[in-house]
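# Overview (structure and organization)
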Amino acid sequence: MKFIYLFTVVAFLSLIGCSENNPQRIVDNVIAAAGGEKYLHSTIEFDFRGRHYAGNRDGGKFSYERIFKNEKDSTQTIHDIVSNDGFKRFINDTLTTVPDSMAVKYTSSVNSVLYFALLPYGLNDAPVNKKFLGETTIDDKTYYKIEITFNKEGGGEDHDDRFVYWINTSDYTIGFLAYSYAEDDGIGYRLRKAYNSRKVNGILFSDYINYAPNGKIQLEDLEELYKKDELKELSRIENTNIRVR
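Residues numbered from 1 in each chain as written. Predicted model: local features only at pLDDT ≥ 70, side-chain atom pairs only at ≥ 80, totals over all residues. Heavy atoms only, no water.

## As for the overall build of the chain
Just so we agree on the cut-off: A run of H or I in DSSP becomes a helix once it reaches four residues, and a run of E becomes a strand once it reaches two; helices and strands are each numbered from the N terminus. Note on contacts: a residue pair qualifies if any of its non-hydrogen atoms lie within 4.5 Å across the two residues.
When its secondary structure is counted, the chain shows 4 helices and 14 strands. For the chain, long-range pairs separated by at least 24 residues make up 44% of all intrachain contacts whose partners lie at least 6 apart in sequence.

Have a look at this one:
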């Protein structure tokens, strides 16, 4: 009887350990902690670096918007919309023709800002691949490390980018994220540290300190460089005037 009891306990603990190593389970918990189903039917608006953004979702339908004054002509208000129907640009409420090459560029720019602002929602998108990289401790807090990559199909023009997320094991919030991206002269790397996390109408938002390395490295090096205080602060990623409906 003692043997059976011991075997049952060991098996149970093994199942717990396996579940904690499951990247899909961890990501599901992260999204649930940040707002979960509230993302699915919402309008989220905010200002970022002098431009107004909006993310609208109604189940499978979505639109991402960016509104700003034309720097070369202050009489013009530019309104970009990325949706299930593609990209559209309005100038002073008049639809304008945009070359395909520029439409791709504008779409990527709008998507990038909304992607980071709405994290962790996008981590369960169809093209996303997840991999558990283990646990680590940073600044006396324990984190799960999750690698995110993207399939070419549906992954956008930046599908080769790689991300690593550090997920707090106690509350499933994002503490840090790092990513690689293509530059003209090779690969660039960034590490972002979350701060000023707050909920607005049930959805979690964070600002980020944006760090960069000195010289050529690998994505895997960013954690140790942060711990050694060998990263330089580039900027602050701060979204203001957030409204959620």
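## With respect to the side chain of S42
Formally: Burial classes: relative accessible area under 20% of the type maximum marks a residue as buried, over 50% as exposed, and values in between as partly exposed (1.4 Å probe, protein chains only). Any pair of N or O atoms that falls within 3.5 Å is considered a polar contact. Within protein, one atom must be able to donate a hydrogen and the other to accept it, and sequence-neighbouring residues count only if both atoms are side-chain atoms.
With respect to the helices and strands, S42 occurs in strand β1 (residues 41-48). Residue classification places S42 among the buried positions, given a relative accessible area of 7%. For S42, the side chain forms a polar contact with the main-chain oxygen of Y39, separated by 3.1 Å.

## Here we look at the nonpolar core
The condition is simple: As used in this record, nonpolar core signifies buried Ala, Val, Leu, Ile, Met, Phe, Trp, Tyr and Cys residues forming a set joined through side-chain atoms within 4.5 Å.
Membership of the largest hydrophobic core comes to 47 residues, with the highest contact counts inside it found for F46, L119, F163, Y165 and I167. Sorting the residues of this core by element identifies α2 (23-34), β1, α3 (100-117), β8 (141-150), β9 (162-168), β10 (174-183), β12 (203-212) and β14 (240-244) as the ones contributing at least two each. The dominant element in this core, judged by the number of residues it contributes, is α3, at 8 residues. Leaving out residues up to four positions away in the same chain, F46 has contacts with R51, H52, Y53, V113, L114, A117, N239, T240, N241 and I242. If you look at the next biggest cluster of nonpolar residues, it comprises 16 residues, including W166, I209, Y211 and I217.

## Looking at the sheet that holds β9
As a reminder of what qualifies: A pair of strands is treated as paired once DSSP finds two or more bridges between them. Axis angles are defined between N-to-C directions and span 0 to 180 degrees, where every axis is a line fitted to C-alpha atoms and, for a helix, only to the segment in contact.
Reading across from one edge, β7-β8-β9-β10-β11-β12-β13 is the order of the 7 strands in this open sheet, with antiparallel pairing throughout. A single partner strand is all that each edge strand has here, and the edge strands are β7 (128-138) and β13 (232-237). This sheet shows a mean twist of 25° between the axes of neighbouring strands, independent of strand direction. Here 10 bridges tie β7 to β8, and the two strands are oriented antiparallel to one another. In the strand pairing of β8, T137 is matched with T142. Here α2 sits on the sheet and contacts β7, β8, β9, β10, β11 (186-200) and β12; the angle it forms with β7, its principal contact strand, is near 80°. Across the sheet, α3 is in contact with β8, β9, β10, β11 and β12; its angle to β9 comes to roughly 20°.

## As for unusual backbone geometry
Along the chain, L119 connects to P120 via a cis peptide bond; the corresponding omega equals 10°. Residues other than glycine seldom take positive phi values, yet D139 does so here, at roughly 50°. With respect to the helices and strands, the residue D139 is situated in the loop between β7 and β8. Residue D140 is not a glycine yet carries a positive backbone phi of 65°. As for its position among the elements, D140 is in the loop between β7 and β8.

Honestly, it's all geometry; don't read function into it.
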